[in-house]
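Residues per chain are reported as follows:
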Amino acid sequence: MREWLYDVFRERPWWMSASLIFCAWMAIFYVPWDLFVKPVARDEEVWLGIEVHGVAAKLAALPHWFVYAAAVYGFRRRRPWMGFWAPVYVAQIAVSILVWKALETGGSRGLLLGAAWSLPMFAFALLFWRRRDYFAPRPLGLVRRYGEWALVTGASSGIGAELARQIAADGMNVVLSARRSDRLARLASELEKAHGIATRVVVADLAEREGQAALLDAVADLEIGLLVNNAGLGYQGRFDLQDGERLRRLLTLNCEAPLVLTHALVKPMCERGRGAVLFTGSASGYQPLPLRAAYAASKAFDRILGESLWGELRAANIDVTVLDPGSTQTEFQAMAGEIPHPGDAVEGVARAGLEALGQQPSVLVGWWSWLRANVATRLLTRPIAIHAAHHMMEAQTPEDMR
Ligand SMILES: NC(=O)c1ccc[n+]([C@@H]2O[C@H](COP(=O)([O-])OP(=O)(O)OC[C@H]3O[C@@H](n4cnc5c(N)ncnc54)[C@H](OP(=O)(O)O)[C@@H]3O)[C@@H](O)[C@H]2O)c1
């Protein structure tokens, strides 16, 4: 409990924490009571000083509910849009008070009263505006927090290549690993030129134990402060139609390799008293997915492993986070044999993972993934969630593999 409270309230000024508590109270208790328990005839709501009653008040409470819930998320996760919206919303409350009082009392006395009552809120809006830098994106500071070297697996394309770019841009040297050496060499020279950092290329097939051992040998002389377990493979299709050897390689690459690498590299991190591990999991790891069964199970393994280590290793000052992207525009869909569908850009996905290090055990990228995962795991019964997922997966699976 103490650790949770520390996580929720650290770094933020006290008056912002008080605002967070107020918004949480409104979102969780007051507005639901107002909406669902308070009799319609007694209901009233004020927006921009205009008071509405009855059914109109019920409807006007809905945006209030949304605003308070979004504010809780924005304060908690330090979202950049809060820098603008927090002062604007507080100013809106101030205007509301001014107009309301002016209309209620009338004349110049009403205006004076309104101004007096709204002044503290205008001051509060100004305070938020002056401290909007609190919500601005911060430099990652990876070298200061974790040391000189990062190791990124699956760096030859997609999310891994982008993670390597952003880590290098933050000043860390990077070990780039995958199987396609030409791509790794090109990325290495790009990063050295652009950011003046050192790189090392290690070609290794992590779906084989020899490859995992070769990678660990190749970095044995370096102090790896940030390990990024990103290499991964999907495989779409009906289980009985899938190839057994490909399934085995998927499991080894997605589960065994991160386990082995993390186990080997976390020990020296603990001895040094700092370090970090970022797993690339997936939104697919949140619920059973017919026609993507082995992949979903492998990503559930990554998520549970990473989140458990988040709790276990924080006492040793090691940050662990699982980055759970939804569909992302990379070579992944083609490699997995999926019917192409739209996805997020890699830049935002990689950024979300690096920003969450030291902040959260896991981060689901995109509101759609968040909604799907939470509805499936918290609101629906298991059979209904699985049927719905099956339906969605069919649309992404070629006919001959359904
Ligand atoms: N794209 C998505 O929609 C999505 C969504 C959720 C999660 N993810 C996860 O994101 C991670 C990165 O995938 P991506 O989207 O960036 O796909 P990608 O562009 O296909 O990249 C996959 C990377 O893994 C490497 N890799 C594949 N097999 C390997 C092996 N046997 N040994 C070593 N490296 C291997 C690939 O390099 P080589 O082929 O050169 O070896 C490549 O660098 C994966 O863990 C994936 O599960 C992706």
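Cut-off values and rules
- Residues numbered from 1 in each chain as written.
- Predicted model: local features only at pLDDT ≥ 70, side-chain atom pairs only at ≥ 80, totals over all residues.
- Heavy atoms only, no water.
- Domains from an automatic or database assignment.
- Contact = heavy atoms within 4.5 Å.
- Buried area = accessible area lost by both parts, 1.4 Å probe.
- Salt bridge = Lys/Arg side-chain N within 4 Å of Asp/Glu carboxyl O.
- Helix = DSSP H or I, 4+ residues; strand = E, 2+ residues; numbered from the N terminus.
- Buried < 20%, exposed > 50% of the residue type's maximum accessible area, 1.4 Å probe, protein only.
- Patch = residues over 30% accessible without salt bridge, like charges linked within 9 Å, V, L, I, M, F, W, Y side chains within 5 Å.
- Areas by Shrake-Rupley, 256 points an atom, 1.4 Å probe, with all protein chains shown as cover.
- Phe/Tyr/Trp six-rings, centres within 6.5 Å; stacked < 30°, edge-to-face > 60°.
- Lys NZ or Arg CZ within 6 Å of the ring centre and 35° of its normal.
- 1 Å grid on protein atoms, 1.4 Å probe; cavity = no way out; pocket = protein on both sides within 12 Å on 5 of 7 lines; lining within 4 Å.
- Points joined across faces, edges and corners; volume = space filled by probe spheres on them.
- Nonpolar A, V, L, I, M, F, W, Y, C, P; charged D, E, K, R; others polar.

Student: Looking at this structure, I do not really get the domain arrangement of the protein. What am I missing?
Tutor: It is common to report an interface's size as the accessible area lost on association of the parts. Each domain of the protein was delimited in the assignment, giving domain 1 (2–135) and domain 2 (142–401). Put simply, the middle of domain 1 and the middle of domain 2, counted by C-alpha atoms, are 39 Å apart. Contacts between domain 1 and domain 2 engage 4 residues on the former and 5 residues on the latter. The junction of domain 1 with domain 2 conceals about 470 Å² of combined surface from both sides, 21% of it contributed by carbon and sulfur atoms. Considering only the surface of domain 1 that becomes buried against domain 2, Asp7, Arg10 and Arg77 emerge as the three largest contributors, covering 66% of it. Remark: the boundary between domain 1 and domain 2 carries 0 salt bridges.

Student: It is not clear to me how the pattern of salt bridges should be interpreted in this structure. Could you clarify?
Tutor: Any two side chains of opposite charge can pair if their charged atoms end up close together. According to the stated counting rule, one finds 24 salt bridges in the structure shown. For Arg165, the salt bridge identified is with Glu190, shortest N-O distance 2.7 Å. Residue Arg165 is found in helix H7 (residues 158–169), and its partner Glu190 is found in helix H8 (residues 181–195); the two are separated by 25 residues along the sequence. Judged by its relative accessible area of 30%, Arg165 is partly exposed. Using a relative accessible area of 35% as the deciding quantity, one classes Glu190 as partly exposed.

Student: What am I meant to see in a nonpolar patch on the surface here?
Tutor: On the surface, Phe22, Trp25, Ile28, Phe29, Tyr30, Trp33, Phe36 and Val37 cluster together into a nonpolar patch covering about 890 Å² of accessible area. Here Ile28 shows up in helix H2 (residues 14–36).

Student: Please explain the packing of aromatic side chains as it appears in this structure.
Tutor: Two aromatic rings, taken as a pair, are described by how far apart their centres are and by the angle between their planes. Within this structure, the stated rule accounts for 16 aromatic pairs. Taking the centre distance of 6.1 Å and the plane angle of 85° together, the rings of Tyr68 and Tyr89 count as edge-to-face. Of this pair, Tyr68 sits in helix H3 (residues 54–77) while Tyr89 sits in helix H4 (residues 82–105), placing them 21 residues apart in sequence. In this structure, Tyr68 and Tyr89 share a single accessibility class: buried. One aromatic cluster in this structure is built from Trp15, Phe75, Phe124, Phe128, Tyr134 and Phe135. It is Arg132 that lies over the ring of Trp129; its NZ or CZ is 4.0 Å from the centre. The ring of Trp310 carries Arg314 above its face, with NZ or CZ at 4.7 Å from the centroid.

Student: Help me understand empty space enclosed by the protein in this model?
Tutor: The gaps left among the atoms become clear once a water-sized probe is rolled over them. Summed over all chains, the structure comprises 1 cavity of 30 Å³ or more. Its volume calculated, the largest cavity comes out at about 30 Å³. Looking at the largest cavity, the residues that line it are Thr153, Leu206, Asn229, Asn230, Ala231, Leu253, Ala257, Pro258 and Leu261. No other element matches helix H10 (residues 244–272), which puts 4 residues into the lining of the largest cavity. Each residue belonging to the lining of the largest cavity can be placed in one class, and the counts come to 6 nonpolar, 3 polar and no charged.

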